[in-house]
Amino acid sequence: MSPDEYCQQKAAQSGSSFYYSFLFLPQARRRAITALYAFCREVDDVVDESTDDMVARSKLGWWRKEVQAMLANQPTHPVTKALLPHMAEYQLEGAHLLAIIDGMEMDLNQTRYLDFNALQKYCWHVAGVVGILSASIFGITNPQTREFAEKLGLAFQMTNIIRDVGEDARKGRIYLPVNELQQFNVTAADILNARHSAQFETLMQFQYERAQKLYEEAFALLPPEDRKAQRTGLIMAAIYRALLVEIQRDGFHVLNQRISLTPIRKLWLAWKTYVRG
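For every chain, the first residue of its written sequence is number 1, and the numbers climb from 1 along that sequence. Reporting of local features is limited, given that this is a predicted model, to residues whose pLDDT is at least 70; pairs of side-chain atoms are given and counted only at 80 or more, and all residues count toward the totals for whole chains, interfaces and linings. To get the side-chain values, take all heavy atoms of the structure and skip hydrogens and water.

Peer 1: Explanation requested: the overall build of the protein chain in the structure shown.
Peer 2: Counting secondary structure elements, the protein chain contains 14 helices and 0 strands. The helix and strand labels rest on DSSP assignments: H or I over at least four residues marks a helix, E over at least two residues marks a strand, and numbering proceeds from the N terminus. Going from N to C terminus, the protein chain has its helices and strands arranged as α-α-α-α-α-α-α-α-α-α-α-α-α-α. With the radius of gyration taken over C-alpha atoms, the globule rule is written as 2.2 Å times the number of residues to the power 0.38. Radius of gyration (C-alpha) of the protein chain: 18 Å, near the 19 Å computed for a compact globule of 277 residues. In terms of its C-alpha atoms, the protein chain occupies a principal-axis envelope of roughly 50 × 50 × 35 Å. Summary of the burial criterion: residues with accessible area below 20% of their type's maximum are buried, those above 50% are exposed, and those between are partly exposed, where the area comes from a 1.4 Å probe applied to protein chains only. A buried classification covers 53% of the 277 residues belonging to the protein chain. By the convention used here, residues are in contact when the closest approach between their heavy atoms is within 4.5 Å. Residue pairs at least 24 apart in sequence account for 72% of intrachain contacts in the protein chain once pairs closer than 6 positions are excluded.

Here is the structure:
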């Protein structure tokens, strides 16, 4: 299996909404974004699949060394071998890849965030940076497009947090800010024990409205001259916003189930957004 085939398989197996948006890219850019996505999956899986924090830290340390090896033109892993040819072509920064790894390590260091400002720092590492790297691959002519991509990454991450409240709680993690739980009279024990309530729905409606505002703020930042190049990001946004609306329609019953869109609906949204341009 070639490095590109390895990354393609990694992306396809995930079933992620992102995969559907990649389908409409030219081949070279599709290879690049698939390699970047595979890198993100690899380092994310280190934390999600490890039951021993020391083992996870050791593996993340290995990935840091592997990124440095790739920057020195000596990659050893299929993902870094696939990513290397695109680093210079799309002006991707090694520091951003290392920042993603730092974000994964944050999950080993803390399971709560005091307020939204603290949560935003985490989101920048695991999503904002990914947005910037992705936008660079899609094509940027106006520097403001990076601000669009960073904000869109935050919107995606907040959507993930809303969707995964129950799943994260089963891992002992609560990303919803502590002060907001207090504001809406929801306790950490309510979340950890999957106690759905009217207070929880009000808390989640607050999160929903903030996420929708983040999408609007992101779109307002996208310069018209880069809109066509950034269609892949807009496809992702269409799928994620549809998911967000679906979660709200379901009454935010996310503590005991994972709400998702069907593959055919994701493909339809991707095609419709692409055609709209």
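Peer 1: How should the state of the cysteines be read in this particular structure?
Peer 2: Each disulfide consists of a covalent bond between the sulfur atoms of two cysteine residues. Cysteine sulfurs are considered disulfide-paired once they come within 2.5 Å of each other. For the coordinates displayed, the defined rule picks out 0 disulfides. Looking at the unpaired Cys-7, the closest cysteine sulfur is the one in Cys-40, lying at 11 Å.

Peer 1: Teacher, can you tell me more about the pattern of salt bridges here?
Peer 2: Side chains that carry opposite charge are capable of pairing whenever their charged atoms lie near each other. The term salt bridge refers to a side-chain nitrogen of Lys or Arg lying within 4 Å of a carboxyl oxygen of Asp or Glu. The final tally for this structure, using the stated rule, is 20 salt bridges. The closest approach of N and O atoms between Lys-151 and Glu-217, which form a salt bridge, is 3.1 Å. Here Lys-151 is found in helix 8 (residues 144-163), whereas its partner Glu-217 is found in helix 12 (residues 198-221), with 66 residues between them in sequence. Judged by relative accessible area, Lys-151 falls into the partly exposed class, the value being 24%. Sharing partners across several salt bridges, the network here consists of Asp-48, Arg-163, Asp-164, Glu-167, Lys-171, Arg-173 and Arg-258.

Peer 1: I keep staring at the side chain of His-125 and nothing clicks. Help me out?
Peer 2: As for its position among the elements, His-125 is in helix 7 (residues 116-138). Excluding residues within four positions of it along the chain, His-125 makes contact with Ala-99, Ile-100, Asp-102, Gly-103 and Met-106.

Peer 1: Explanation requested: the layout of surface pockets in the structure shown.
Peer 2: Gaps left between atoms show up when a probe the size of a water molecule is rolled over them. As defined here, a cavity is a set of points on a 1 Å grid over the protein atoms alone where a 1.4 Å probe fits but cannot get out. A pocket is an open set with protein on both sides within 12 Å along at least five of seven lines, and residues line them when an atom is within 4 Å of a point. Grid points are joined across faces, edges and corners, and a volume is the space filled by probe spheres set on the points. Computed from the structure, the second largest pocket encloses a volume of approximately 230 Å³. Taken together, 12 residues make up the lining of the second largest pocket; nearest its centre are Phe-219, Leu-234, Ala-238, Thr-273 and Arg-276. Among the secondary structure elements, those contributing two or more residues to the lining of the second largest pocket are helix 13 (231-249) and helix 14 (263-276). A per-class count over the lining of the second largest pocket returns 6 nonpolar, 2 polar and 4 charged. Three classes are used, and their members are as follows: Ala, Val, Leu, Ile, Met, Phe, Trp, Tyr, Cys and Pro are nonpolar, Asp, Glu, Lys and Arg are charged, and the others, Gly among them, are polar.

Peer 1: Where do I start with the packing of aromatic side chains in this structure?
Peer 2: How two aromatic rings sit relative to each other is given by the distance of their centres and the angle of their planes. Between 30 and 60 degrees the pair is tilted, below 30 it is stacked and above 60 it is edge-to-face, where a pair is any two Phe, Tyr or Trp rings, Trp via its six-membered ring, whose centres lie within 6.5 Å. Per the counting criterion, the structure on display carries 13 aromatic pairs. Each ring, one from Phe-184 and one from Phe-206, has its centre 5.2 Å from the other, and the planes form 45°; the classification is tilted. Of this pair, Phe-184 sits in the loop between helix 10 (178-183) and helix 11 (188-192) while Phe-206 sits in helix 12; the two residues are 22 residues apart in sequence, bridging distant segments of the chain. We classify Phe-184 as buried; its relative accessible area is 16%. Through successive ring pairs, a cluster of aromatic residues spans Phe-156, Tyr-215, Phe-219 and Tyr-240. In this structure, Arg-210 packs its charged tip against the face of Phe-116, placed 3.9 Å from the ring centre. Distance and angle both matter: a charge sits over a ring if NZ of Lys or CZ of Arg is within 6 Å of the ring centre and within 35 degrees of the ring normal.

Peer 1: Even after reading the chapter, I still don't get the packing of helix 3 (residues 27-49) against helix 7, so can you show me in this structure?
Peer 2: Packed helix pairs are characterised by how far apart their axes lie and by the angle those axes make with each other. Axis definition: a line fitted to C-alpha atoms, over the contacting stretch in the case of helices. Angles run 0 to 180 degrees between N-to-C directions. Between helix 3 and helix 7, the least distance of the axes is 9 Å, while the angle of their chain directions is 165°. Comparing the axis directions of helix 3 and helix 7 gives the class roughly antiparallel. The way helix 3 lies across helix 7 gives a crossing that is right-handed. Of the residues in helix 7, those touching helix 3 at Arg-29, Ala-32, Ile-33, Leu-36 and Cys-40 are Val-130, Leu-133, Ser-134, Ile-137 and Phe-138. Residue classes in the contact of helix 3 with helix 7 are distributed as 8 nonpolar, 1 polar and 1 charged. Working definition: roughly parallel below 35 degrees, roughly antiparallel above 145 degrees, roughly perpendicular at 65 to 115 degrees, and oblique for all remaining angles. By the definition used in this description, the sense in which the near helix is turned from the far one sets the handedness, with an anticlockwise turn below a right angle giving left-handed and a clockwise turn giving right-handed.

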